Amino acid sequence: MSLILSRRRLIRAGVASAGGLLLPGCDRLFENPTFRGTLESAEDLHRATQRALGRDALAREYREADMSPQFRANGSREVADPAYRQHLAQGFANWSLRVDGLVERPIAVPLHALRDLPQRAQITRHDCVEGWSAIARWQGPRLALLLDMARPRPEARYLVFHCADLYHGKPYYESIDLVDAFHPQTILAWAMNGKPLEEAHGAPLRLRVERQLGYKHAKFVARIEAVASPQGIHGGRGGYWEDNGDYAWYAGI
Ligand SMILES: Nc1nc2c(c(=O)[nH]1)N[C@H]1C(S)=C(S)[C@@H](COP(=O)(O)O)O[C@H]1N2
Ligand SMILES: [Mo]
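Keep in mind that what you see is a predicted model, and the values were worked out from it rather than measured. (Residues numbered from 1 in each chain as written. Chains lettered and ligands numbered in written order. Predicted model: local features only at pLDDT ≥ 70, side-chain atom pairs only at ≥ 80, totals over all residues. Heavy atoms only, no water.)

Draft legend 1. The overall build of the chain, seen in detail. When helices and strands are counted, the chain shows nine helices and eleven strands. Sorting the 253 residues of the chain into buried and exposed places 51% on the buried side. Across the chain, the fraction of contacts at a sequence separation of at least 24, relative to all contacts at a separation of at least 6, is 68%. Of the roughly 11,800 Å² of accessible surface on the chain, a fraction of 51% belongs to carbon and sulfur atoms. (Helix = DSSP H or I, 4+ residues; strand = E, 2+ residues; numbered from the N terminus. Buried < 20%, exposed > 50% of the residue type's maximum accessible area, 1.4 Å probe, protein only. Contact = heavy atoms within 4.5 Å. Areas by Shrake-Rupley, 256 points an atom, 1.4 Å probe, with all protein chains shown as cover.)

Draft legend 2. Up close: the environment of alanine 121. Here alanine 121 is to be found in strand S3 (residues 120-127). By relative accessible area, alanine 121 is classed as partly exposed at 34%. Spatially, the C-alpha atom of alanine 121 lies 8.7 Å from that of isoleucine 187, the residues being 66 residues apart in sequence. If we skip the residues at most four places from it in the chain, alanine 121 touches Glu61, Arg137, Trp138 and Gln139.

Draft legend 3. Structural detail: the layout of surface pockets. Here the largest pocket is characterised by a volume of approximately 360 Å³. Of the residues forming the lining of the largest pocket, the biggest block, three residues, is contributed by strand S5 (residues 158-167). Across the lining of the largest pocket, the residue classes break down as 14 nonpolar, seven polar and five charged. Surrounding the second largest pocket, 15 residues form its lining, Asp81, Trp95, Arg98, Ala164 and Ala222 being those nearest its centre. Of all the secondary structure elements, the ones that give two or more residues to the lining of the second largest pocket are helix H5 (82-89), strand S1 (96-101), S5 and strand S11 (221-227). (1 Å grid on protein atoms, 1.4 Å probe; cavity = no way out; pocket = protein on both sides within 12 Å on 5 of 7 lines; lining within 4 Å. Points joined across faces, edges and corners; volume = space filled by probe spheres on them. Nonpolar A, V, L, I, M, F, W, Y, C, P; charged D, E, K, R; others polar.)

Draft legend 4. Expanded view of the sheet that holds S5. Taken together, five strands build an open sheet; the order of strands is S2-S1-S11-S5-S6 and the sheet is mixed. One side of each edge strand has no neighbouring strand; the edge strands of this open sheet are strand S2 (107-110) and strand S6 (170-177). Looking at each pair of strands side by side, their axes are set apart by 20° on average, direction ignored. Set on the sheet, helix H7 (residues 143-150) makes contact with S1, S2, S5, S6 and S11; between it and S2 the angle comes to about 135°. (Pairing = 2+ DSSP bridges. Axes fitted to C-alpha atoms, helices over the stretch in contact; angles between N-to-C directions.)

Draft legend 5. Up close: the packing of aromatic side chains. Evaluated as defined, the whole model comprises 13 aromatic pairs. Arranged with centres 5.9 Å apart and planes meeting at 90°, the rings of tyrosine 84 and phenylalanine 220 form a pair that is edge-to-face. With a gap of 136 residues between them, tyrosine 84 in helix H5 and phenylalanine 220 in the loop between strand S10 (206-208) and S11 connect regions that are remote in the sequence. By the burial criterion, tyrosine 84 is buried, and phenylalanine 220 matches it. Ring plane angle 15° and centroid distance 5.2 Å describe the contact between tyrosine 172 and tyrosine 240, whose orientation is recorded as stacked. Of this pair, tyrosine 172 sits in strand S6 while tyrosine 240 is found in helix H9 (residues 240-244), placing the two residues 68 residues apart along the sequence. On the basis of relative accessibility, which here comes to 12%, the residue tyrosine 172 falls in the buried class. Here the aromatic residues Tyr167, Tyr172, Tyr215, Tyr240, Trp241 and Tyr247 are joined through ring pairs into a cluster of three or more. Its end group placed over the ring of tyrosine 240, lysine 170 keeps NZ or CZ at 5.3 Å from the ring centre. (Phe/Tyr/Trp six-rings, centres within 6.5 Å; stacked < 30°, edge-to-face > 60°. Lys NZ or Arg CZ within 6 Å of the ring centre and 35° of its normal.)

Now the structure itself:
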């Protein structure tokens, strides 16, 4: 459980006012009336408290009417890699996602196969650490389904998401642990608001890990690698921003 999580939940419940423990930028989230106008009753407070105790708790899901008219694209909005550009031009018809590393059965799954798997759709709020948030509908198979196919070995503890883009000249990547990987709302989204992902939002596939801040939601995912430790991968801290020393690896909300 993170301090941010518990404090944010309490603030949503109207019990505490924003203060010292929050990341800078998060305060702005609480100025949004749709963000605050829930969880008023004692029962809701109880639920909020319970949720703060467990990592398997669900992120709030919203109604279609709550969807943001604009959803800003952040970080990389384009990918320069020539192989990526060719896949984009072909509508990703010959593209596939690789799942490998510490797994019993490395797999390569074409995009059409990901679309044919049982789907989960969820309307959730994306919270960027820079202080903006937006609500959208995301759709794709649960990451758990792919892990059931690839079967992580007992030594595997983290999944590394290798992305196709360079951000300021360095490969973007992220990682999560297996608790988040098997969370019911963790999906590999190929659709946003009912349409295939646009390039700026991470086409053809991005991670949605709804209990974490925006930078964990890797866009342009090309490969998922199961590892025992993030050491030895890029800067060794499990993610682009983590390696830069800007943001924490665990970004629970
Ligand atoms: N591959 C990749 N994934 C990324 C980023 C990026 O620059 N490259 N930026 C992250 C950040 S900081 C945020 S807030 C979200 C933004 O997602 P959006 O462009 O759909 O708003 O993507 C995250 N995933
Ligand atoms: Mo972000």
